[in-house]
Amino acid sequence: MGLFWKRKSKDQFVSLGLNRPAEPEAETAPTTQPIATTAPPQDSGPAVREGSTAVQQPILPEDRATPKPSVAERPRAPFATSVLGLNLSMEELQAQEAALEQEFSARFRRAVAATRDSLSEKLDTVFQGRKQIDEDLLGELEEALIATDIGVNTTLEILETVRRGIARKQIGDIDALKKAIRDELLRILIASEAAGVASEATVPDDVVPYVVMIVGVNGVGKTTTIGKLAQRIKAEGNDVLICAADTFRAAASDQLAIWAERTGVPLIQQKQGTDPAAVLFDSLKAAKARNADVLIVDTAGRLHTKSNLMSELEKMKRVAGREVEGAPHETLLVLDAVTGQNGLEQARQFLKVANVTGIVLTKLDGTAKGGIAVAIAKELNLPIRYAGIGEKVDDLVVFDPREYVNGLFA
């Protein structure tokens, strides 16, 4: 499944361990420097939280000129999921990375176990005692696939491909039929990567900060996803900031503050009701002053006022684009896998008001209807970038189509 964040060169660091606290260090002078940020004239300025401490200071000229420490010089944070491997041989680095990939692959397969068991049970029932493929079998197969939330349209397309294979004598037995279904699921998932943003590596390394805007309705796990995403990107050796631009909901900033403290990632926020674009502007200034690698932006999780939301997002995108070339570089829509087809309808609504470039599918480990991933890829034509597979800070993984399909049929 590879490194989580691929914009940095692999020879700078290697991922090791999962949700493992950093080793205790000897008592030394504090390494955390005060965070600089702009101060709007109307009030005392945005709050910038480094863990649980809020700091308010203007950006000084010398702050802009101060070079960012190298990856090797940056202190490790609590809950770090990576350790630097600059003193290891290339063979050791490769071996450790391979071990990490195997661990994430195993966790991913366990996450889709509920869907796999449900699909296997339904397929076994359909194929039980059958030696030949006929219309009755295909009809039962259609019901089985729809029951896993793969979706009606996607299921019909899969069966149409199967029928063509039967007509051409390419599918003649049950094993060949299963393989055809598997291949078609994988084809759909891979085809979706041609649209949107399938990798952060598409943006040049010298474009900083890399701006990721997070959208989604309240309750799908948006705040948790931001915290996990920030932790994982930071753990790969990047400086990360979080922008609390959901000023509509009072609890949004408080929830983000908890994750910021937990992961040691600075949070930039203002009082409730502040223009979200103003918060984003301050965050971008702070990110550039710190020479931060990544800025993750929370947005309002509401759809009932679509015209206001569209106006708000458009304004934020204009502000981001003025400050950083090509920003926002990704707009990720967070969807709850448990909601199934209802989540797909949410996605369609957001596509109308936001330039979504990819999907984060949360709670994939908590549903027997994980086939929704295929329906999303097919009907939205967007790549699934990440998947939530648990409650721990490390339980956010890169969505790998091959691992997903192999997990369903393992």
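Bear in mind the structure is a predicted one, so any value in this text is a computation, not a measurement.

**Student:** Can you explain the pattern of salt bridges? Please cite residues and give values.
**Tutor:** The tally for this structure, following the rule as stated, stands at 17 salt bridges. A salt bridge links Arg-232 to Asp-394; the shortest N-O distance between them is 4.0 Å. Taken together, the residues Arg-232 in helix H7 (residues 222-235) and Asp-394 in the loop between strand E11 (384-388) and strand E12 (396-398) connect sequence positions 162 residues apart. Here the salt bridges share partners, and the residues they tie into one network are Glu-157, Glu-184, Arg-187 and Lys-378.

**Student:** Residues and numbers for the environment of Tyr-386, please.
**Tutor:** The topology assignment puts Tyr-386 in strand E11. Its relative accessible area of 1% is what places Tyr-386 among the buried residues. As a C-alpha pair, Tyr-386 and Val-334 span 52 residues in sequence and 9.3 Å in three-dimensional space. Apart from residues no more than four positions distant in its own chain, Tyr-386 is found in contact with Phe-4, Trp-5, Glu-200, Leu-229, Leu-332, Ile-359, Val-360, Leu-361, Leu-396, Val-397, Val-398 and Phe-399.

**Student:** Can you break down the pairing of strand E8 (residues 294-298) residue by residue, with the values?
**Tutor:** In summary, the side chains of a regular strand alternate between the two faces of the sheet. The buried count for E8 comes to 5 of 5 residues, which makes it a mostly enclosed element. Because side chains alternate across E8, one face comprises the buried residues Val-294, Ile-296 and Asp-298, and the other comprises Leu-295 and Val-297, equally buried. Sheet analysis places strand E5 (residues 210-215) next to E8, joined by 5 bridges and oriented parallel. Looking at E8, one finds that Val-211 is bridged to Leu-295. Where strand E6 (residues 240-244) lies against E8, 5 bridges are found, and the strand directions are parallel. Residue Ala-244 lies in a different strand from E8, and its bridge partner there is Asp-298.

**Student:** Which residues make up the environment of Ala-300, and what values go with them?
**Tutor:** Of note, Ala-300 is situated in the loop between E8 and helix H10 (306-323). Of the residues examined, Ala-300 reaches a relative accessible area of 2% and is grouped as buried. Separated by 55 residues in the primary sequence, Ala-300 and Ala-245 place their C-alpha atoms 7.2 Å from one another. The residues touching Ala-300, leaving out its near neighbours within four places in the chain, are Gly-216, Lys-222, Asp-246, Phe-248, Leu-309 and Glu-312.

**Student:** Describe the packing of aromatic side chains, and please don't skip the residues or the numbers.
**Tutor:** Both the distance between ring centres and the angle between the ring planes are used here to describe each pair of aromatic rings. One pass over the full model with this rule turns up 1 aromatic pair. A centroid spacing of 5.3 Å and a plane angle of 45° characterise the contact between Phe-399 and Tyr-404, whose relative ring orientation is tilted. We classify Tyr-404 as buried; its relative accessible area is 1%. Here the basic side chain of Arg-262 rests over the ring of Trp-259, its NZ or CZ set 4.5 Å away from the ring centre.

**Student:** Explain the confidence of the model for the protein chain residue by residue, including any values.
**Tutor:** Predicted confidence across the protein chain gives a mean pLDDT of 78, with 75% of residues reaching 70 or more. Mean pLDDT across the elements of the protein chain bottoms out in strand E1 (residues 14-15) (38) and peaks in E8 (97). Scored below 50 in pLDDT, residues 51-66 shows 31 contacts in the model against residues more than four places distant or in partner chains. Scored below 50 in pLDDT, residues 69-86 shows 53 contacts in the model against residues more than four places distant or in partner chains.

**Student:** I'd like a rundown of the environment of Arg-318, residues and numbers included.
**Tutor:** Structurally, Arg-318 is set in helix H10. Placed 41 residues apart in sequence, Arg-318 and Ala-277 show a C-alpha to C-alpha distance of 8.9 Å.

Calculation notes
Residues numbered from 1 in each chain as written. Predicted model: local features only at pLDDT ≥ 70, side-chain atom pairs only at ≥ 80, totals over all residues. Heavy atoms only, no water. Salt bridge = Lys/Arg side-chain N within 4 Å of Asp/Glu carboxyl O. Helix = DSSP H or I, 4+ residues; strand = E, 2+ residues; numbered from the N terminus. Buried < 20%, exposed > 50% of the residue type's maximum accessible area, 1.4 Å probe, protein only. Contact = heavy atoms within 4.5 Å. Pairing = 2+ DSSP bridges. Phe/Tyr/Trp six-rings, centres within 6.5 Å; stacked < 30°, edge-to-face > 60°. Lys NZ or Arg CZ within 6 Å of the ring centre and 35° of its normal. pLDDT = per-residue confidence, 0-100.

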